[in-house]
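Fold and contact review
In case you want the letters, here they are:
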Amino acid sequence: MISVAIYVRVSTQRQADKDLSIPDQLRTVREFCERKGWTVVAEFVEPGQSARDDQRPEFRNMIAEALNPDRPFDIILVHSFSRFFRDELQQELYIRKLAENDVLVQSATEEVGDGTSGELSRRILGIIAEFDNRNRQARVIQTMQENARQGFWNGGRPPYGYRTMIAEQRGDTAKKRLEINPPEAEIAREIYRLCLQGDGNGPMGIKAIVNHVNSKGLCYRNHRPFRVNEVH
């Protein structure tokens, strides 16, 4: 009886939150195991983790179990090899390390076979996946740079003292810009004033400013007191 550990992954938390890929990956690899007559003994689900390196909690747990002398499974099954790694060199290093402990890495959608020809096919797929990933990253960076050049906000939490506003609509995409958030801006101006002039006794240091604004009931976001790093 062949025992299998399933590993599924998506790159971003947004993908995980929208449930775009993980259920489909799980369905595909489970059906693959059923056709092969393999027994699934473990499932490792990694939402919102890049495969450019091995700093993934579930991945590291899976590898630790696979390299254990009493390993509980014979195969690590992924939807595609790019789910395992997007760095071809790192992928091959891990595959060889696992093979030394008699654990194979296989793909449910990319059956490359065994032996030298299988290894060659797998490595070619890995190189293509890595190349595609780097091209995608370059396109994303280029798009974000152009978006910023046009004066639009690329996303994320606005700096303190600002908020986002929809500047225009392009199809389904709302293009946003930053604008001053009046309540926060007043507090930001007070912090700068304390830094430059102080409160009657000369300029104040960061910790003194934090204590001052908190004592006056001036709050950071979510109505909580300021912290040193936020004032800094």
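What comes next is a walk through the structure. The structure presented is a predicted model; accordingly, all values stated were derived computationally and were not measured.

1. Observations regarding the overall build of the protein
Tallying secondary structure elements over the protein gives nine helices and six strands in all. Rg of the C-alpha trace for the protein: 26 Å, well past the compact-globule value of 17 Å for 232 residues, more than 25% over. Along the three orthogonal principal directions, the C-alpha set of the protein runs to about 80 × 45 × 30 Å. Per-residue burial for the protein yields a buried fraction of 35% across its 232 residues. Within the protein, counting contacts between residues at least 6 apart in sequence, those at least 24 apart form 60% of the total. Summed over its atoms, the accessible surface of the protein is roughly 14200 Å², and 50% of this surface lies on carbon and sulfur atoms. In the protein, 34 side chains carry a positive charge and 33 a negative one; their mean positions are 8 Å apart.

2. Section: the layout of surface pockets
Of the pockets and cavities examined, the second largest pocket occupies roughly 340 Å³. Together, 18 residues line the second largest pocket, and Val 105, Gln 106, Val 112, Gly 113 and Asp 114 are the ones closest to its centre. Sorting the residues of the lining of the second largest pocket by element identifies helix H5 (88-99), strand E4 (104-107) and helix H6 (115-149) as the ones contributing at least two each. Here the lining of the second largest pocket is composed, by residue class, of seven nonpolar, five polar and six charged.

3. Structural notes on the side chain of Glu 190
As for its placement among the helices and strands, Glu 190 is situated in helix H7 (residues 182-196). On the basis of relative accessibility, which here comes to 15%, the residue Glu 190 falls in the buried class. Apart from residues no more than four positions distant in its own chain, Glu 190 is found in contact with His 212, Lys 216 and Leu 218.

4. Side note on the nonpolar core
It is characteristic of soluble globular proteins that their nonpolar side chains tend to be buried jointly. Counting 20 residues, the largest nonpolar core has Phe 59, Met 62, Ile 63, Phe 73, Ile 76, Phe 84 and Leu 98 as the members making the most contacts within it. Breaking this core down by element, the ones donating at least two residues are strand E1 (3-9), strand E2 (39-46), helix H3 (57-66), strand E3 (75-78), helix H4 (81-84) and H5. Setting aside anything within four residues of it in sequence, one finds Ile 76 in contact with Ala 5, Tyr 7, Met 62, Ile 63, Ala 66, Phe 84, Leu 98, Val 103, Leu 104, Val 105 and Gln 106. Core analysis: the next-biggest nonpolar cluster, separate from the first, contains 13 residues, Val 4, Ile 22, Val 29 and Phe 32 among them.

5. Quick look at unusual backbone geometry
A positive phi angle, near 65°, is found at Asn 222, a position not held by glycine. Residue His 223 is not a glycine yet carries a positive backbone phi of 60°. Position of His 223 among the secondary structure elements: in the loop between helix H8 (206-215) and helix H9 (228-231). Judged by relative accessible area, which is 73%, His 223 ranks as exposed.

6. What to know about the packing of aromatic side chains
A complete count under the given rule lists 11 aromatic pairs for this structure. Ring centres 6.5 Å apart and planes at 70° place the aromatic pair Phe 44 and Phe 73 in the edge-to-face group. Placement of Phe 44 in strand E2 and of Phe 73 in the loop between H3 and E3 is noted, with a sequence separation of 29 residues between them. Side by side, Phe 44 and Phe 73 carry an identical accessibility label, which is buried. For the ring pair Phe 59 and Tyr 94, a centre distance of 5.3 Å and an interplane angle of 75° mean the geometry is edge-to-face. Of this pair, Phe 59 sits in helix H3 while Tyr 94 sits in helix H5, and the two are 35 residues apart along the sequence. When sorted by exposure, Phe 59 lands in the same class as Tyr 94, which is buried. Counting every residue linked through ring pairs, the aromatic cluster contains Tyr 7, Phe 59, Phe 84, Phe 85 and Tyr 94. Directly above the ring of Phe 59 sits Arg 56, whose terminal nitrogen or CZ lies 4.2 Å from the centroid. Cation over ring: Arg 56 sits above Phe 85, and NZ or CZ is 4.8 Å from the ring centre.

7. Considerations on the packing of H5 against H6
It is at 9 Å that the axes of H5 and H6 come closest, and there the two elements cross at 145°. The segment H5 lies against H6, with Glu 88, Gln 91, Glu 92, Ile 95 and Arg 96 engaging Glu 119, Arg 122, Arg 123, Gly 126, Ile 127 and Glu 130.

Here is what the cut-offs are and how they apply
- Residues numbered from 1 in each chain as written.
- Predicted model: local features only at pLDDT ≥ 70, side-chain atom pairs only at ≥ 80, totals over all residues.
- Heavy atoms only, no water.
- Helix = DSSP H or I, 4+ residues; strand = E, 2+ residues; numbered from the N terminus.
- Rg over C-alpha atoms; globule rule 2.2 N^0.38 Å.
- Buried < 20%, exposed > 50% of the residue type's maximum accessible area, 1.4 Å probe, protein only.
- Contact = heavy atoms within 4.5 Å.
- Areas by Shrake-Rupley, 256 points an atom, 1.4 Å probe, with all protein chains shown as cover.
- Lys, Arg positive; Asp, Glu negative; His and termini not counted.
- Charge placed at Lys NZ, Arg CZ, Asp CG, Glu CD.
- 1 Å grid on protein atoms, 1.4 Å probe; cavity = no way out; pocket = protein on both sides within 12 Å on 5 of 7 lines; lining within 4 Å.
- Points joined across faces, edges and corners; volume = space filled by probe spheres on them.
- Nonpolar A, V, L, I, M, F, W, Y, C, P; charged D, E, K, R; others polar.
- Core = buried A, V, L, I, M, F, W, Y, C linked by side-chain atoms within 4.5 Å.
- Phe/Tyr/Trp six-rings, centres within 6.5 Å; stacked < 30°, edge-to-face > 60°.
- Lys NZ or Arg CZ within 6 Å of the ring centre and 35° of its normal.
- Axes fitted to C-alpha atoms, helices over the stretch in contact; angles between N-to-C directions.

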